[in-house]
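Architecture and fold: a report
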Amino acid sequence: MNFKNRSFLKLLDYTPEEIVALIDLAADLKAKKKAGIPHRLCEGKSIALVFEKNSTRTRCAFEVASADLGMHPVFLDPSASQMGKKESIADTARVLGRMFDAIEYRGFEQTIVETLAHYAGVPVYNGLTNEFHPTQILADFLTIREHCGSLKGKKLVYMGDARYNMGNSLMVGCAKLGMHFVACAPAKYFPTPELVAECEAVAKETGAVLEFIEEPAKAVVGADVIYTDVWVSMGEPEAVWKERIDDLLPYQVNSALMTVAGPQCHFMHCLPAFHDLETVTGKKIYDAFGLEAMEVTNDVFESEQSIVFDEAENRMHTIKAVIAATLSDILN
Ligand code: CP
Ligand code: NVA
């Protein structure tokens, strides 16, 4: 295995063994952090954090992880930089590549992060695009392993808009690691046939099972994890809310659905989540549509079965593993 100087743009670029090695390294770095053992594996290096969309977890994970590794992170808000407005992505990549040892990018099309990686000359990490959110999956899988003991054969049911970054990336991740992935949504929210075909080819090698089911009660039986995400993602127009609510309300994760799944089932969500009326958007949706929660009800979110904050913490440990693997010799 060779991770040195590689970008981390999507899980399709990594073998199952490499993905497991990253999760193992994250678990090791997590144990070191808890034990107070220093792990400044990238002393003196620097990383640019470019965010074209908002973030709490991903930005903080990159900042804390890089500081723990002895690095200097610099946050770039494109609304206050030249990127995209006066300077192309290719030119920005070449400038940042001369000053930084690595670049994180969160934004819109996957082609942007691929272009950055093509021109930068240093590793580029995908901190979320419309199509993929690969660092999230590493955290999710570390969390599942901690709670379920293993990954192979585990059944993960994704409820909701399965054709966007989270549904796509979870399907790829499950295919790579030989898991049982179920997308549960109206058919128009299933991932594209092209991505499904690519994942089916991977699944043939790993023993993974991929299913696409429209009836929630049929999809979730025996699930180890029910996973959901917001119905309208960052960058999408407000006008789609009504259609999404009409289409996806039957796919809300509520206590009736968790009961059908069974007591072994964990609830996961990449966060942020609309589970109560404590957010500006949550209140707006309540005023317009009378919904107190959207993709997950508050009782499920706050239940014993919910492992969403373990999952959020693991963003930091897994992002640290990606940086350390690609910039230091720890896995090479
Ligand atoms: N899950 C996730 O990526 O969260 P942020 O948008 O807060 O980074
Ligand atoms: N699908 C969500 C994920 C947020 C982490 C979005 O893109 O907004």
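This write-up is about the structure you can find in this document. (Residues numbered from 1 in each chain as written. Chains lettered and ligands numbered in written order. Predicted model: local features only at pLDDT ≥ 70, side-chain atom pairs only at ≥ 80, totals over all residues. Heavy atoms only, no water.)

1. Some words on the packing of aromatic side chains
A complete count under the given rule lists 8 aromatic pairs for this structure. Judged by centre distance (6.1 Å) and plane angle (20°), the rings of Phe62 and Tyr125 are stacked. Here Tyr125 lies in strand β4 (residues 124-126) and Phe62 lies in helix α2 (residues 57-68), a separation of 63 residues in the sequence. Taking the relative accessible area as the measure of exposure, Phe62 reaches 1% and is therefore buried. Tyr125 sits in the buried class, given a relative accessible area of 0%. Centroid distance Trp241 to Phe274: 6.1 Å. Interplanar angle 65°. Geometry classified as edge-to-face. Taken together, the residues Trp241 in helix α9 (residues 241-248) and Phe274 in the loop between β9 (266-269) and α11 (280-289) connect sequence positions 33 residues apart. Taken as a pair, Trp241 and Phe274 share a single burial class, namely buried. The rings of Phe3, Phe8 and Tyr14 are connected pair by pair, giving a single aromatic cluster. Sitting over the face of the ring of Phe75, Arg59 holds its NZ or CZ atom 3.5 Å from the ring centroid. (Phe/Tyr/Trp six-rings, centres within 6.5 Å; stacked < 30°, edge-to-face > 60°. Helix = DSSP H or I, 4+ residues; strand = E, 2+ residues; numbered from the N terminus. Buried < 20%, exposed > 50% of the residue type's maximum accessible area, 1.4 Å probe, protein only. Lys NZ or Arg CZ within 6 Å of the ring centre and 35° of its normal.)

2. What about the site of ligand 2?
Residues in contact with ligand 2, as listed here, are Leu128, Asn165, Asp229, Val230, Ser233, Met234, Cys270 and Leu271. Here Asp229 contributes a side-chain N or O atom positioned 2.6 Å from a nitrogen atom of ligand 2. Met234 is positioned such that a nitrogen or oxygen atom in its backbone is 2.9 Å from an oxygen atom of ligand 2. Of all the cavities here, the one that holds ligand 2 is the largest pocket. (Near = heavy atom within 4 Å. Polar contact = N/O pair within 3.5 Å; in protein donor to acceptor, adjacent residues only side chain to side chain. 1 Å grid on protein atoms, 1.4 Å probe; cavity = no way out; pocket = protein on both sides within 12 Å on 5 of 7 lines; lining within 4 Å. Sits in = over half its atoms within 2 Å of the grid points.)

3. So, the pattern of salt bridges
Throughout the structure, instances matching the rule amount to 21 salt bridges. A salt bridge links Arg40 to Glu43; the shortest N-O distance between them is 2.8 Å. Overall, the relative accessible area of 47% leaves Arg40 in the partly exposed class. Residue Glu63 pairs with Arg59 through a salt bridge whose shortest N-O separation is 3.0 Å. One end of the pair, Glu63, and the other, Arg59, are both in helix α2, 4 residues apart, so they sit about a helical turn from each other. Judged by its relative accessible area of 25%, Glu63 falls in the partly exposed class. Residue Arg59 is classed as partly exposed on the basis of its relative accessible area of 30%. Here the salt bridges share partners, and the residues they tie into one network are Asp161, Arg163, Glu236 and Arg244. (Salt bridge = Lys/Arg side-chain N within 4 Å of Asp/Glu carboxyl O.)

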